[in-house]
Each structure stands twice: as C-alpha cells, then as structure tokens.
Amino acid sequence: MKKITYLLMVLAVAFIAVSCEKEPLRQFNESRSQQEVVPEEEDAVLEQLYGLWTRVTESEGSYKNMWEWRFYEDGYSLRHIETYEGDRLMGLNSGRIDYKLENGKFYIKSYHYDEWTAWDYAIIGDTLTLSTESDGESVVWTFVRTEDANDKLVGCWDAPYTNGNGHRVERHYKFHTPTYGSVYDMVYDGSGSSKVNFLYEFRYRIEGDKIVFKRLNTGYALTEYSIVYRLEGTKLYLSEGNGGETMYSNFYKENNIPFRP
C-alpha cells in the first residue's frame with residue numbers, strides 16, 4: 001500500500017486550504033485576537049487539546065480529505081488522513097505527530113523529521129484552528145472536537161500459529177485508535193530471528209458482537225467484512241471463519257505496559 005508522505009500531504013492540504021478556506025482565515029484572525037495565551041496558561045490549553053479532532057476538506061478535483069487527529073498527554077498525538085475520489089481511497093497518511101506549546105505558538109513535528117514547525121493556534125468552543133504561512137500563502141486548518149468511538153479494543157492482540165515452513169508466526173491485530181488499525185505477522189525462523197510481514201491497514205467499528213472492518217486499499221472502493229468477537233479481560237476471541245474461535249492475547253495489558261502505537 002503506497003502511503004502519501006508527510007511532506008507531500010502538507011503541501012496538498014496547503015493547496016486545499018488556500019483555495020477553499022479564505023473565510024476561515026478571517027475568522028481565525030478574529031478568534032486569535034480573542035485568545036492571547038501567556039506561558040503560565042499553556043498547561044490549561046493543553047488539557048483542552050486532549051481527545052479527538054476531525055476535519056473534512058474538498059478540492060476542485062473532487063478529492064475529499066478526511067482527518068482524524070487525536071491528542072494525548074506528554075506531547076504525543078496520532079494523525080490519520082484518508083483521501084478519496086468518490087468512494088475510492090486514493091491516499092492514506094497515518095502516523096505519530098509530536099506537539100508542544102511554547103511562547104504562544106503550537107509546534108508540531110512528524111517522527112520522520114527532526115525540525116519543528118510553528119503554527120498560530122486558537123481554541124474557541126469546540127473549534128481548533130491552526131494557521132501558518134507557506135511560500136507566501138496563508139494555510140489554515142480548522143478542526144472540530146468530536147466524540148470518539150468506544151476504545152475497548154485499543155491495543156495490540158496476537159495469536160501464534162505455524163506456517164507451511166514449520167516456523168512460528170504471530171498474527172497481530174493492532175487497534176491503534178477506536179477507529180483504525182493494522183494487521184501484521186511476526187515470522188520467526190529456525191534460529192529465533194524474526195521479521196515483520198505487514199498485511200494491511202483497516203478502519204473499523206463495533207456493532208453488537210461484531211467488528212466491522214474496511215481494508216484501506218488505495219485505488220479501490222472500500223468494502224466491509226465483519227468478524228464475531230468476544231472480549232474477556234486480556235483475551236480477544238475472533239471467529240475468523242475457521243470453524244471456531246482464535247484467542248488473541250494483549251501482551252501490553254498482561255504485562256502492565258502502556259500502549260502507544
């Protein structure tokens with residue numbers, strides 16, 4: 001699956017922001033004047049950031065960008081962007097974004113890069129607005145605070161099996177957030193060495209006793225499939241069409257290790 005790099009996505013969104021958000025820029029300047037944050041108030045502002053913020057933008061080429069940005073404590077956040085043309089997924093960008101507030105500015109840094117980027121910011125009610133200058137143009141991102149889905153599956157769940165070569169394999173379902181995750185295999189050879197075999201990323205929701213998945217395959221319209229599940233403490237039981245249940249264990253919870261994708 002081909003991912004859009006962080007830098008290319010920023011440039012693409014900058015174009016969309018310039019072409020579609022002139023009015024939010026005016027509103028941002030007005031709201032910014034209402035919120036002048038001094039350093040000793042930044043801790044309170046950080047608490048306002050925690051949680052899920054979403055954003056949807058459209059461009060002239062019929063592309064739609066759907067954003068999810070979750071802010072956690074200690075300067076850690078996860079940002080997820082899906083780009084669609086009609087019902088086809090054309091691009092996907094997910095990853096960790098470090099952030100901090102300093103001297104009245106909002107700084108972000110992708111884990112792929114070493115440099116911080118400074119933004120002006122304003123939080124007015126349930127709206128978060130970020131603004132910066134890029135190549136002489138104003139870029140404005142406007143987000144809405146959004147209630148998140150149930151997080152009971154968030155974590156990494158694994159189950160062992162033996163492949164055709166007689167080697168041990170651990171299948172991992174990694175639910176990064178309450179809405180998306182990934183599947184990969186950890187394959188061990190005879191010497192005990194291992195390698196990761198990434199399978200796919202997915203979007204999901206919980207409906208009754210089922211997890212409804214959408215594989216995030218770029219270039220295709222996304223189709224749904226569901227798996228019956230049971231959750232008992234640190235064990236997740238999935239009925240994956242093999243005539244029974246497969247038990248997945250949550251290593252992090254079993255060993256009291258904080259989970260961060």
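The rules we used
Residues numbered from 1 in each chain as written. Predicted model: local features only at pLDDT ≥ 70, side-chain atom pairs only at ≥ 80, totals over all residues. Heavy atoms only, no water. Pairing = 2+ DSSP bridges. Helix = DSSP H or I, 4+ residues; strand = E, 2+ residues; numbered from the N terminus. Contact = heavy atoms within 4.5 Å. Salt bridge = Lys/Arg side-chain N within 4 Å of Asp/Glu carboxyl O. Buried < 20%, exposed > 50% of the residue type's maximum accessible area, 1.4 Å probe, protein only. pLDDT = per-residue confidence, 0-100. Axes fitted to C-alpha atoms, helices over the stretch in contact; angles between N-to-C directions.

(A) Main features of the pairing of strand 16 (residues 235-239). Across five bridges, strand 15 (residues 224-232) lies against strand 16 in antiparallel orientation. Within the sheet, the bridge partner assigned to E232 lies in strand 16 and is K235. The turn linking strand 15 back onto strand 16 is made up of two residues, and G233 within it adopts a positive phi angle of 60°. Taken together, the four bridges between strand 16 and strand 17 (residues 246-250) define a ladder with antiparallel strand orientation.

(B) Inspection of the side chain of T132 at higher detail. Structurally, the position occupied by T132 is in strand 7 (residues 127-134). Apart from residues no more than four positions distant in its own chain, T132 is found in contact with A118, W119, E137, S138 and V139.

(C) Structural view of the pattern of salt bridges. Scanning the entire structure with this criterion turns up 21 salt bridges. Note that R230 is salt-bridged to E232, the shortest N-O span being 2.4 Å. A relative accessible area of 32% means that R230 is categorised as partly exposed. Between E254 and K235 there is a salt bridge, with the nearest N and O atoms lying 2.9 Å from each other. Separated by 19 residues along the polypeptide, E254 in helix 4 (residues 251-254) and K235 in strand 16 bring together distant segments of the chain. On the accessibility criterion, E254 (37% relative accessible area) is partly exposed. The class for K235 is partly exposed, based on a relative accessible area of 22%. Each of E68, R70, E82, D148 and R203 takes part in salt bridges that share partners, so that together they form one network.

(D) Spatial organisation of the confidence of the model for the protein chain. Averaged over every residue, the pLDDT of the protein chain is 86; residues scoring 70 or more account for 85%. Every residue in residues 1-38 is under pLDDT 50, and counting partners more than four places away or in other chains gives 72 contacts.

(E) Quick look at the sheet that holds strand 15. With antiparallel pairing, the eight strands of this closed barrel are ordered in space as 9-10-11-12-13-15-16-17. Sheet twist, expressed as the average angle between the axes of neighbouring strands with direction ignored, equals 35°. Sheet topology places strand 9 (residues 155-162) next to strand 10 (residues 168-175); eight bridges connect them, and they run antiparallel. Paired with P160 across the two strands is E170, which belongs to strand 10.

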